[in-house]
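Chain and residue survey
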Amino acid sequence: MTNHKELQADTSVAPTTLLKLGWDNHFDRQLATITTTYAHIARVISVQRGLFLVSDGNSEWLCSPAGRLLHSHKGDYPVTGDWVFIDDTVVTGVLPRKNILSRGEAGSRGGRTGATTREQAIASNLDAVFIVCGLDRDFNIRRLERYLTLVYNCGLSPVVVLTKADLHEDSESFRMEVETIAFGVPVVLTSMLDGRGRSELESHLGGGQTVAMVGSSGAGKSTLANMLYGNDIQSTNAVSSSVGKGRHTTTVRELIRMPQGGMLMDNPGIREIAFHEDGHGVESAFTEIQELAEKCRFADCTHQHEPGCAVLCAVETGELLPDRLESYHKMKREMQYLSDRRSKSADRVEKERWQYVALLKKSMYKKNK
Ligand SMILES: Nc1nc2c(ncn2[C@@H]2O[C@H](COP(=O)(O)OP(=O)(O)OP(=O)(O)O)[C@@H](O)[C@H]2O)c(=O)[nH]1
Ligand SMILES: [Mg+2]
Ligand SMILES: [Zn+2]
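Here the structure is a predicted model, which means the values were calculated and not measured.

**Thoughts on the nonpolar core**
Counting 67 residues, the largest nonpolar core has W23, F139, L148, L162 and V178 as the members making the most contacts within it. Counting residues per element, this core draws most heavily on helix 4 (residues 141–153), at 7 residues. Beyond its immediate stretch of four places on either side in the chain, F139 contacts C133, G134, L144, L162, F174, E177 and V178. Counting 18 residues, the second largest nonpolar core, distinct from the first, contains L201, L205, V211 and I256.

**Structural notes on the site of ligand 1**
As a structural note, the neighbourhood of ligand 1 is formed by 20 residues, with D166, S217, T223, N237 and T250 the closest of them. Separating an oxygen atom of ligand 1 from a backbone N or O atom of A219 is a distance of 3.3 Å. In the model, an oxygen atom of ligand 1 is placed 2.5 Å from a nitrogen or oxygen of the T223 side chain.

**What to know about the pairing of strand 12 (residues 254–257)**
Where strand 12 and strand 13 (residues 263–266) come together, 4 bridges link them in antiparallel fashion. By the bridge assignment for strand 13, L255 is matched with M265. Linking two consecutive strands that pair antiparallel, namely strand 12 and strand 13, is a turn of 5 residues; a positive phi of about 110° is found at G261 within it.

**Overview of the packing of aromatic side chains**
Counted by the stated rule, this structure contains 6 aromatic pairs. For the ring pair W23 and W83, a centre distance of 5.0 Å and an interplane angle of 85° mean the geometry is edge-to-face. A residue pair is termed long-range when its members are at least 10 positions apart, and W23 in the loop between helix 1 (4–10) and helix 2 (25–32) and W83 in strand 4 (residues 83–87) qualify at 60 residues. Residue W83 is classed as buried on the basis of its relative accessible area, which comes to 1%. Members of the aromatic cluster, connected to one another through ring pairs, are W23, F27 and W83.

**Topic: the confidence of the model for the protein chain**
Overall, the prediction assigns the protein chain a mean pLDDT of 87, with 88% of residues at 70 or greater. Low pLDDT, under 50, characterises residues 1–12; the predicted model gives this stretch 20 contacts beyond four residues in sequence or across chains. This stretch, residues 110–116, has a pLDDT under 50; its non-local contacts, to residues over four places away or in other chains, come to 13 contacts.

**As for the sheet that holds strand 13**
Within the open sheet, the 6 strands sit side by side as 10-9-8-11-13-12. Their pairing is mixed. What marks the edges here is a single partner per strand, and that holds for strand 10 (187–189) and strand 12. Along the sheet, successive strands turn relative to each other by an average axial angle of 25°, direction set aside. Strand direction decides the pairing type here: strand 8 (residues 128–134) and strand 11 (residues 210–214), joined by 4 bridges, are parallel.

**Focus: the pattern of salt bridges**
Under the definition given, this model contains 14 salt bridges. Among the ionic pairs, K98 bridges to D24, the shortest N-O distance being 2.8 Å. Note that K98 is positioned in the loop between strand 5 (90–94) and strand 6 (100–104) and D24 in the loop between helix 1 and helix 2, a separation of 74 residues in sequence. The exposure class of K98 is partly exposed, given its relative accessible area of 32%. Given a relative accessible area of 25%, D24 falls into the partly exposed group. Between R324 and E145 there is a salt bridge, with the nearest N and O atoms lying 2.7 Å from each other. Taken together, the residues R324 in helix 11 (residues 322–368) and E145 in helix 4 connect sequence positions 179 residues apart. Among the residues examined, R324 registers a relative accessible area of 3% and is labelled buried. A residue is classified by how much of its surface remains accessible, and E145, at 1% relative accessible area, is buried. The network of salt bridges with common partners includes R142, E145, E288, D323 and R324.

What counts as what
- Residues numbered from 1 in each chain as written.
- Chains lettered and ligands numbered in written order.
- Predicted model: local features only at pLDDT ≥ 70, side-chain atom pairs only at ≥ 80, totals over all residues.
- Heavy atoms only, no water.
- Core = buried A, V, L, I, M, F, W, Y, C linked by side-chain atoms within 4.5 Å.
- Buried < 20%, exposed > 50% of the residue type's maximum accessible area, 1.4 Å probe, protein only.
- Helix = DSSP H or I, 4+ residues; strand = E, 2+ residues; numbered from the N terminus.
- Contact = heavy atoms within 4.5 Å.
- Near = heavy atom within 4 Å.
- Polar contact = N/O pair within 3.5 Å; in protein donor to acceptor, adjacent residues only side chain to side chain.
- Pairing = 2+ DSSP bridges.
- Phe/Tyr/Trp six-rings, centres within 6.5 Å; stacked < 30°, edge-to-face > 60°.
- pLDDT = per-residue confidence, 0-100.
- Axes fitted to C-alpha atoms, helices over the stretch in contact; angles between N-to-C directions.
- Salt bridge = Lys/Arg side-chain N within 4 Å of Asp/Glu carboxyl O.

Below you can see the structure in the form of structure tokens.
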């Protein structure tokens, strides 16, 4: 290997080949503050069975994580989309992330174990997230609200993509319905049959942009990736008529370098949208309720039974749908639960310590009797 120190000086402005993978000034500034030595910078394109497929814009190769990263609790285990330091075929570190799209581990929602939900990272360093939803059985306005909350919770910008628009004569009505719950969010209708929506989505995939797709299995994410790529690069989930189950379901997260210049990440379908922590995503996803709340009589109104509640009043007059408010309350409760649990787990450590001291005292008292 060449002299690390020398290379570090060379790469204080990163190699230009990284630009086509999404490298920008932000990371240049980050790099300037790094004091560790490294030989190479690359981007994690996909993670498979503990190995990382990385790219430096010229070539792709597999790396393993340095032992230090395996045992780290600081959340610096590399995820797809990360910029990483590489020594030969070992990932030695992760450049601080611009952002990270993550969710709570599946099955952990509503658990009463008292432990903090484990974070499941989907991708990092994103410029937008396509929330992909098919205009078939997949279409569910309440689920879209959850996705929007998840994306906002991570401080990211959502784009709602309604696929399979060819299944309906009046697909526009779906777009309008979604617009009533997604204020200021682009809502794009697409179809693999006629290619509609393509140019609207391409505007998010220009040079330097990184976009991740989320949605249920069968929503049409891989089909969309192929449509935007202009070629079949991803296998799609053709439903086998004999077993009635999907084949070619995407199993690996993967960043695809797009002909438009940006990076698009295909993802396996998500079954359960669990949150990891309260990042105030609910407030951003329900802006109209936030606005109404400013007119409530009490500043700490919970919009459940209080007199002079402007939110409940809006439900009375039909301005706000009851389902929408219910959805808001439900997610607020989940977020509250997550933050309670977070502080509880800290409290619990203290409590257990005292319980131990009490037990010790008791046994000493018995012995002395
Ligand atoms: N009619 C119609 N069918 C579509 C369209 N887009 C996708 N499909 C069909 O929907 C099914 C699922 O598509 P995929 O692209 O594999 O779905 P996916 O979101 O990648 O699914 P997972 O990889 O399991 O998460 C396939 O049978 C596609 O042919 C569309 O625009 N119109
Ligand atoms: Mg797929
Ligand atoms: Zn209120």
